[in-house]
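Below are the chains, spelled out letter by letter.
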Amino acid sequence: MATASSLFLGLSTAPRTRAGPAASCPPSARPSLRLRQRSSPAVATAVQAEHQPAVAAAPMPPALPFRVGHGFDLHRLEPDLPLIIGGINIPHDRGCEAHSDGDVLLHCVVDAILGALGLPDIGQIFPDSDPRWKGADSSVFMREAVKLMHEAGYELGNLDATLILQKPKISPFKETIRSNLCELLGADPSVVNLKAKTHEKVDSLGENRSIAAHTVVLLMRK
């Protein structure tokens, strides 16, 4: 099993700076988008070993034909940080203040899956008091949530997510975000829906001081 120090070194802890273009993105998005680097298998193995105590403490969910989960997440926006949504770096003058990479959408999806399974939330399994998750790529958390879903005998029925932010406009990037989300979930695009709303300039969301997301998932018994 990987040690705490090896896991910490395995995660990306480089300073969070705004990313450049990615050659693999669609032409319309190429000037501004970049997929985040994938985590190594060693990191995934260490993550699995680390979260087992929290997962083991939760009661096993009954074998229902389907289960529904809801996720919510909100992060404060601060200058000079990258804005990462669904694993994609999006150009903006502000980014999410967080212990990990602050990916509000992936955090929200993880919580929805964990909630459907009756497991502890993302903050309990991957606490922000642990230095190993400092700057961590949220795809690590996503893959573990999907793994737990399959281990419990379920697969994704469908997912509906809503991003809430005043700026920037998400429409040019939405399909790239959705495509990456489908890849992380191992799901067909027909069962993954993504919407984006403004907050009509009301409160911290509407004033471009924060970003939030809601997600509902339906898990079906295999």
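Residues numbered from 1 in each chain as written. Predicted model: local features only at pLDDT ≥ 70, side-chain atom pairs only at ≥ 80, totals over all residues. Heavy atoms only, no water.

By the naming in an unreviewed UniProt entry, the protein goes by 2-C-methyl-D-erythritol 2,4-cyclodiphosphate synthase and is assigned to Urochloa decumbens. Regarding the protein, the relevant UniProt record gives this comment under Cofactor (unreviewed entry): "a divalent metal cation". Taken directly from UniProt, the Pathway (unreviewed entry) text for the protein runs: "Isoprenoid biosynthesis; isopentenyl diphosphate biosynthesis via DXP pathway; isopentenyl diphosphate from 1-deoxy-D-xylulose 5-phosphate: step 4/6." (UniProt positions renumbered as here; feature names shortened; annotations may be inferred.)

### Points about the pattern of salt bridges
Evaluation of the coordinates by the stated rule reveals five salt bridges. Of the charged contacts, one joins E151 and K147 as a salt bridge, the two residues approaching to 2.4 Å between their closest N and O atoms. A residue pair is termed a helical-turn pair when its members lie 3 or 4 positions apart in one helix, as E151 and K147 do in helix α5 (residues 139-151) at four residues. (Salt bridge = Lys/Arg side-chain N within 4 Å of Asp/Glu carboxyl O. Helix = DSSP H or I, 4+ residues; strand = E, 2+ residues; numbered from the N terminus.)

### Points about the pairing of strand β6 (residues 154-164)
Counting buried positions along β6 yields eight of eleven residues, so the element is predominantly enclosed. By the bridge criterion, ten bridges tie β6 to strand β8 (residues 210-221) in an arrangement that is antiparallel. If you follow A161 over to β8, its bridge partner there is T215. One ladder, built from six bridges, connects β6 with strand β7 (residues 192-197); its direction is parallel. Paired with I164 across the bridge in β7 is K197. Taking the sense of rotation as the criterion, the β-α-β connection linking β6, helix α6 (residues 174-185) and β7 turns out right-handed. (Buried < 20%, exposed > 50% of the residue type's maximum accessible area, 1.4 Å probe, protein only. Pairing = 2+ DSSP bridges. Right-handed = clockwise from strand over helix to strand, strands pointing away.)

### Some words on the environment of R76
When you line up the elements, R76 lands in strand β2 (residues 66-79). In this structure, R76 is in contact with G95, C96, E97, R209 and S210, ignoring residues within four places of it in sequence. A polar side-chain atom of R76 sits 2.7 Å from a polar atom in the side chain of E78. (Contact = heavy atoms within 4.5 Å. Polar contact = N/O pair within 3.5 Å; in protein donor to acceptor, adjacent residues only side chain to side chain.)

### Focus: the sheet that holds strand β5 (residues 94-96)
Strand order in the open sheet formed by five strands is β5-β2-β8-β6-β7, and the pairing between neighbours is mixed. The outermost strands of the open sheet, each flanked by one partner alone, are β5 and β7. Strand after strand, the sheet turns through a mean of 20° between neighbouring axes, direction not considered. The pairing of β2 with β8 spans eleven bridges and is classified as antiparallel. Looking at the pairing, H70 lines up with V216 of β8. The strands touched by α5 within the sheet are β6 and β8, with β6 carrying the most contacts at an inclination of about 145°. The strands that α6 touches are β6 and β7; relative to β7, the one it contacts most, it runs at about 140°. (Axes fitted to C-alpha atoms, helices over the stretch in contact; angles between N-to-C directions.)

### With respect to the packing of aromatic side chains
Under the counting rule described, the total for this entry stands at zero aromatic pairs. Lying across the ring of Y154, R221 places its NZ or CZ 4.9 Å from the centre. (Phe/Tyr/Trp six-rings, centres within 6.5 Å; stacked < 30°, edge-to-face > 60°. Lys NZ or Arg CZ within 6 Å of the ring centre and 35° of its normal.)

### Brief notes about α6
An α-helix turns once every 3.6 residues. As a result, residues three or four positions apart point the same way. In this model, α6 (twelve residues) spans 16 Å end to end at C-alpha, consistent with the 16 Å of a helix rising 1.5 Å per residue. Those residues of α6 that fall on the buried side of the exposure criterion are T176, I177, N180, L181, C182, L184 and L185. Positive phi shows up at G186, right after α6, with a value of about 65°. (Expected span 1.5 Å × (residues − 1).)

### A short note on unusual backbone geometry
Cis peptide bonds are those with omega within 30 degrees of zero, and the linkage from K167 to P168 qualifies with -10°. Relative to the helices and strands, P168 resides in the loop between β6 and α6. The phi angle at D203 is positive, at roughly 55°, despite the residue not being glycine. Of note, D203 is situated in helix α7 (residues 203-206). Taking the relative accessible area as the measure of exposure, D203 reaches 36% and is therefore partly exposed.

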